[in-house]
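Now for the letters of each chain:
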Amino acid sequence: MNATRILPDLQCSLLCEEVRQEANGNFFIIGVINLLRVPQLPIVAGRLCVFNRWTAGIGRFNETIRLMAPDQMTVLRKSESKFELPDAATHTTNVMFFGNIEFKTAGTYFVEVLVDDVMKLRYPIPVMHVPQNQNPQAPAAPENKA
């Protein structure tokens, strides 16, 4: 019996700042993001990339990537792409680029990766508000000794 369709495995998914491809086909993944420390809120991220590698499947598939707000209901960005795996020994790499994403509040955002409406992975991306010191050279205020 030959399988005509096998749902693929998600080998990896990375949120990063940039993805580039060499002439030989290899990828450079730049700035893998564990969390976002931001000096102010709201703030707009000019560009974020999601790097996904699929393997061990057979058939044609629809990949969906969603960036979810901390309320876990609001979809900030959604992107879909189609891909094909002719046999289970092959793989494919998909890179999605998201531009001008506004993060309105601190909290835990989520990247969701689905194939044919089946959730394969959901991972957190914390956004932390870390104000910058307005005058880093200013001396500390003297302690009040009462």
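These numbers come from a predicted model, not from an experiment.

**Student:** What am I meant to see in the sheet that holds strand β2 (residues 27-32) here?
**Tutor:** Whenever strands of a sheet pair, they do so through backbone hydrogen bonds, lying parallel or antiparallel. Read from one edge of the open sheet, 4 strands run β2-β1-β4-β7, paired in antiparallel fashion. Each having just a single partner strand, β2 and β7 (91-103) make up the two edges of the open sheet. Going from strand to strand, the sheet's axes swing by 45° on average, the running direction of each strand aside. Across 12 bridges, strand β4 (residues 43-55) lies against β7 in antiparallel orientation. Bridge pairing in β7 places T55 opposite H91.

**Student:** Honestly, unusual backbone geometry in this entry has me stumped. Any pointers?
**Tutor:** Most peptide bonds take the trans form, and the phi angle of most residues other than glycine is negative. A cis amide bond, omega -5°, links L41 with the succeeding residue P42. Looking at the element boundaries, P42 is found in the loop between β3 (36-38) and β4. Within the chain, A56 stands out as a residue other than glycine whose phi angle is a positive 60°. Examined against the element boundaries, A56 turns out to sit in the loop between β4 and β5 (59-68). Residue A56 is classed as partly exposed on the basis of its relative accessible area of 28%.

**Student:** Can you help me understand a nonpolar patch on the surface in this one?
**Tutor:** A cluster of nonpolar side chains, F27, I29 and V32, forms an exposed patch at the surface whose accessible area comes to about 210 Å². As for its placement among the helices and strands, I29 is situated in strand β2. With a relative accessible area of 33%, I29 lands in the partly exposed category.

**Student:** What should I look at first to understand the side chain of N52 in this one?
**Tutor:** Locating N52 in the fold gives a position in strand β4. In terms of polar contacts, N52 uses its side chain to reach the side chain of E63, at 2.9 Å. Each residue touching N52, except ones within four places of it in the same chain, is listed here: L10, C12, S13, L14, E63, I65, T92, T93, N94 and V113.

**Student:** I would appreciate a short explanation of the sheet that holds strand β6 (residues 75-85) in the present structure.
**Tutor:** Pairing is mixed across the open sheet formed by 5 strands, whose spatial order is β3-β9-β8-β5-β6. Looking along the sheet, the strands with just one partner apiece sit at the ends: β3 and β6. Adjacent strand axes in the sheet meet at a mean angle of 20° when their direction is disregarded. Here 9 bridges tie strand β8 (residues 107-115) to strand β9 (residues 118-129), and the two strands are oriented antiparallel to one another. Residue pairing across strands places Y109 opposite I125, the latter belonging to β9.

**Student:** Just checking my understanding: could you explain the packing of aromatic side chains for this structure?
**Tutor:** Aromatic rings considered in pairs are described by the distance between their centres and by the relative angle of their planes. One pass over the full model with this rule turns up 4 aromatic pairs. With a centroid separation of 5.5 Å and an interplanar angle of 25°, the aromatic rings of W54 and F83 are classed as stacked. Taken as a pair, W54 in strand β4 and F83 in strand β6 lie far apart in primary sequence, 29 residues in all. You can call F83 buried: its relative accessible area is 6%. Seen from their ring centres, F103 and Y109 are 4.9 Å apart, and the 85° between their planes marks the pair as edge-to-face. Summarising the burial analysis for this pair, F103 and Y109 share the class buried. Here the aromatic residues W54, F61 and F83 are joined through ring pairs into a cluster of three or more. In this structure, R122 is placed above the aromatic ring of F110, and the distance from its NZ or CZ to the ring centre is 3.9 Å.

Calculation criteria
Residues numbered from 1 in each chain as written. Predicted model: local features only at pLDDT ≥ 70, side-chain atom pairs only at ≥ 80, totals over all residues. Heavy atoms only, no water. Pairing = 2+ DSSP bridges. Helix = DSSP H or I, 4+ residues; strand = E, 2+ residues; numbered from the N terminus. Axes fitted to C-alpha atoms, helices over the stretch in contact; angles between N-to-C directions. Buried < 20%, exposed > 50% of the residue type's maximum accessible area, 1.4 Å probe, protein only. Patch = residues over 30% accessible without salt bridge, like charges linked within 9 Å, V, L, I, M, F, W, Y side chains within 5 Å. Areas by Shrake-Rupley, 256 points an atom, 1.4 Å probe, with all protein chains shown as cover. Salt bridge = Lys/Arg side-chain N within 4 Å of Asp/Glu carboxyl O. Polar contact = N/O pair within 3.5 Å; in protein donor to acceptor, adjacent residues only side chain to side chain. Contact = heavy atoms within 4.5 Å. Phe/Tyr/Trp six-rings, centres within 6.5 Å; stacked < 30°, edge-to-face > 60°. Lys NZ or Arg CZ within 6 Å of the ring centre and 35° of its normal.

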